[in-house]
Amino acid sequence: MTDGSASARWSPSLAVAVGGAVLLAVIGLLFSRPDIVAMGLPPALWSAFALARGTTGVGARPTVESLPTGDGELRTSITVASDADAVEVVIVQSERRTRRVFVPGRGSPIVARSRVLHSGPGVPVQAATRGLAFDGAVLGAASETVADRRQVSPSLIPIDDVPLPRRLTGLHGAHEGRRPGQGGDFRDIHAFAPGDELRRVDWRATARMARRPGDLLVRRTHTLSDASVVIAMDTSEDLGEVVSMWGSGDFERSGVTSLDNARQAARAIAVATVADGDRVALHVLVNGGRSLRSGSGSRHLARVEAAIAATGQAREDASFRRTPHVPHGSVVFVLSAFFEGAAAQTALLWRASGHRVIAVDVLPRLDRTRLNRQQTIGLRTVLAERENVFSDLEGAGVELVTWADDPAAVLASIAGVRR
Amino acid sequence: MRTANDSLETAPAVSWLVLRMALVAVAAAGAFLLCPLVGWQWTAVILALLGAVLPPTFGAWGAIACIVIGMLTSEPDLGRAMLAVLVVHLLHVLTSLALVVPRGSRIVLGALRRSAVRVLVVQAIAQPVTVAVMLGTAGATPALPWAVAASAGAVVAAAVLLIVGANRGTR
């Protein structure tokens, strides 16, 4: 516990008490009134006790501890350690609401509850304290602010079919490729060639179709391969469904935001991909954005999910100058609201490189109430520009999925289309 | 203290308003019980209200001044003196707390425990002294009773000692 005596100070109430006591004594003396003099006794005694106590021992230090979450709430315990009479605790909840509570120096902890409105990184509680003593006559110094930082995973939407890349790579996996190999369905009957296994010889076909003695025909099957999925998240914008709240920074009344959808989409795609035995990589499309290399398995999925939950909005000055490396023959999901052209440019670049690119529009369904005429016109304009972006993407062969419109069904419908 | 999305769970607590309302209530009770002049009664209440709304103005001490004026216009009385000692003390403590408890805050009752104990301790000392002073001056001549002079001198001496002590403490 910090002592805090060095920076503690007296409140003006001490000087007022001393001055008031003296004044009452003088008035009582002048008017020969013992009752007036007696009225000065309490402030005089109060001041004497206060000065005898001094300004030490009013340091206070807060600690915050995450409690198990439940019922869509984040719970944080705030404990104060202090010898002061009382401690003023300033608590900022979820960066949207500030509260002050005066607690005893060794009292029971405060439990802060914040309803989870958005996924991603957040600070459910920030707390700072100041010790007080002697009815507030001694004021301690403010402590450093401590914070409880959390990452909230998005809810999981099950996806049955994830679109596959144009060319499957590798010789292991769950998807049937076009190349001859092992594990897949029947491909064709082919003349025996060096390297073919003898057990592959189809004797019936040889007896029926061999033209010369010594000809052997083998039964070939397709190979099983795995797919490589790349998730690219655009974190430059975080736009809620309530358009009138855009730019206000009020995420309490914004409704579901584009980054909520992006995190949800990224998690759903990652989970479905790893469940199919495929590899998944994650890239955040800003300078210094996080990247997770391609991998598979439950441990890799846990890393990806943690990275998705920790992905928040990029700084305002962050711009797209980064086109992460994408493994050969990948399907790339570009998750963006596509209000800025940079994400679309990156998607076009990958498409031009021969990858299968799926643009996932994460803009939520918009609530256009409470917009004035100018705002409505402005919204129409930017939405029209967005439509142009989508036209360019579709023209280049980029498939489009709107996450707000039953994404599982849309992905399943395009999953069957092998480009 | 629950709102739609954020809430705090604390031990039993009261609102900041309780302190401010207690300040006005004590001042009003003191004014109406101790001050016989109607004008000064309402002035005391208004000043207490000012002190409750803007604690740095120390309006409650203005209310104390009104009560003193009212008491000066009436004869000394033991019961009134004891009540005045209590009222002055409570008003000062509530003002001191109101200075540090901002609007919108909550006060866990446990945080007021030491203040309550201190009020009792100070009153336990001040009330017997008041009784002694009042009884000591009851038979004396009204010009300058010895007890008045002695107690006033003691208070002033105590104040001087406190100020000197405070200056030493801050060096």
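From a predicted model like this one, the values you see are computed outputs, not experimental measurements.

Let us now look at the overall build of chain A. The secondary structure content of chain A amounts to nine helices and 17 strands. Dimensions of chain A, computed from the C-alpha atoms along their principal axes, are close to 140 × 55 × 35 Å. For chain A, buried positions account for 46% of its 419 residues.

On the side of chain A, 60 residues touch chain B, which itself brings 65 residues to the contact. Elements supplying a minimum of two residues to the side of chain B that touches chain A: β1 (6–9), α3 (59–72), α4 (78–100), β3 (106–108), α5 (113–138) and α6 (146–170) of chain B. With 14 residues, α6(B) is the largest single contributor of residues to the side of chain B that touches chain A. Class assignment for the residues of the side of chain B that touches chain A results in 42 nonpolar, 16 polar and seven charged. Looking at chain direction, strand β6 (residues 110–115) of chain A and β1(B) are connected through four bridges and run antiparallel. In the sheet register, R113(A) faces β1(B), and the bridge partner there is S7(B).

Right, let's get into helix α3 (residues 41–53) of chain A. Residue and element names in this part refer to chain A. Between the first and last C-alpha of α3 there are 18 Å, a value that for 13 residues agrees with the 18 Å anticipated at 1.5 Å per step. Extensive coverage of α3 is indicated by the burial of ten of its 13 residues. L41, P42, P43, A44, L45, W46, S47, A48, A50 and L51 are the residues of α3 that are buried.

It is worth spelling out α3(B) at this point. Along its 14 residues, α3(B) runs 20 Å from first to last C-alpha, staying within 8% of the 20 Å computed at 1.5 Å per residue. Most of α3(B) sits inside the fold, with ten of its 14 residues counted as buried. If you check which residues of α3(B) are buried, you get G59(B), A60(B), W61(B), A63(B), I64(B), C66(B), I67(B), V68(B), G70(B) and M71(B). In this structure, the buried side of α3(B) is in contact with α1 (12–30) and α2 (34–39) of chain A together with α1 (16–34), α2 (38–53) and α4 of chain B.

All right, on to the pairing of strand β7 (residues 120–133) of chain A then. Residues and elements named next belong to chain A. When you tally the buried positions in β7, you get eleven out of 14 residues, the bulk of the element. Bridge analysis of strand β4 (residues 86–93) against β7 gives eight bridges, and the strand direction is antiparallel. When the bridges of β7 are listed, E88 appears paired with R130. Sheet analysis places β7 next to strand β9 (residues 146–152), joined by six bridges and oriented antiparallel. Of the residues in β9, the one forming a bridge with G120 is V152. Pairing geometry for β7 and strand β8 (residues 138–142), over three bridges, is antiparallel. In the sheet register, R130 faces β8, and the bridge partner there is A142.

Below, the discussion takes up the domain arrangement of chain A. Under the domain assignment, chain A is made up of domain 1 (9–53), domain 2 (60–152), domain 3 (187–223) and domain 4 (228–415). If you average the C-alpha positions of domain 1 of chain A and of domain 4 of chain A, the two centres end up 70 Å apart.

Turning to the confidence of the model for chain B, a few remarks are in order. Residue and element names in this part refer to chain B. Averaged over chain B, the pLDDT score is 86; the fraction of residues at 70 or greater is 78%. The spread of mean pLDDT over the elements of chain B runs between α6, the lowest at 63, and α1, the highest at 96. Scoring of the predicted complex yields 0.79 for pTM and 0.83 for ipTM.

Below, the discussion takes up the environment of I157(A). Residues and elements named next belong to chain A. With respect to the helices and strands, I157 occurs in the loop between β9 and β10 (175–191). Residue I157 is classed as partly exposed on the basis of its 16 C-beta neighbours within 10 Å. Taking C-alpha positions, I157 is 70 Å from A44, a pair spaced 113 residues apart along the chain.

Bringing the sheet that holds β1(B) into the picture now. Read from one edge to the other, the open sheet built from four strands follows the order β2(A)-β3(A)-β6(A)-β1(B), with strand pairing classed as antiparallel. Each of the sheet's edge strands pairs with one partner strand only, and the pair in question is β2 (60–70) of chain A together with β1 of chain B. This sheet shows a mean twist of 20° between the axes of neighbouring strands, independent of strand direction.

It is worth spelling out the sheet that holds strand β17 (residues 399–402) of chain A at this point. Within a sheet, each strand pairs with its neighbour through backbone hydrogen bonds, oriented either parallel or antiparallel. All names here are of chain A. Within the open sheet, the six strands sit side by side as β14-β13-β12-β15-β16-β17. Their pairing is mixed. Where the open sheet ends on each side, the last strands, each with one partner, are β14 (291–295) and β17. The sheet shows a mean angle of 20° between the axes of neighbouring strands, direction not considered. Of the strand pairs in this sheet, strand β15 (residues 330–336) and strand β16 (residues 356–361) are connected by six bridges, and their pairing is parallel. In the strand pairing of β16, V332 is matched with V357.

Residue and element names in this part refer to chain A. For chain A, per-residue confidence averages 87 on the pLDDT scale, and 95% of positions sit at 70 or higher. Across chain A, the secondary-structure element scoring lowest on mean pLDDT is β10, at 75, and the one scoring highest is helix α6 (residues 298–309), at 95. For residues 1–5, every residue scores under 50 in pLDDT, and the model assigns this stretch 17 contacts once sequence neighbours within four places are set aside.

By size, the foremost hydrophobic cluster in this structure holds 91 residues, and its most contacted members are L23(B), A27(B), A63(B), I67(B) and L91(B). Counting residues per element, this core draws most heavily on α4(B), at 14 residues. Those residues in contact with L23(B) that sit more than four places away from it in its chain are A48(B), G51(B), A52(B), A60(B), L91(B), L94(B), T95(B) and A98(B). Among the nonpolar cores identified, the runner-up in size contains 58 residues, and L285(A), V332(A), I358(A) and V401(A) belong to it.

What counts, and at which threshold
- Residues numbered from 1 in each chain as written.
- Chains lettered and ligands numbered in written order.
- Predicted model: local features only at pLDDT ≥ 70, side-chain atom pairs only at ≥ 80, totals over all residues.
- Helix = DSSP H or I, 4+ residues; strand = E, 2+ residues; numbered from the N terminus.
- Buried ≥ 20, exposed ≤ 12 C-beta atoms within 10 Å, placed from the backbone.
- Contact = placed C-beta atoms within 7 Å.
- Nonpolar A, V, L, I, M, F, W, Y, C, P; charged D, E, K, R; others polar.
- Pairing = 2+ DSSP bridges.
- Expected span 1.5 Å × (residues − 1).
- Domains from an automatic or database assignment.
- pLDDT = per-residue confidence, 0-100.
- Axes fitted to C-alpha atoms, helices over the stretch in contact; angles between N-to-C directions.
- Core = buried A, V, L, I, M, F, W, Y, C linked by C-beta atoms within 7 Å.

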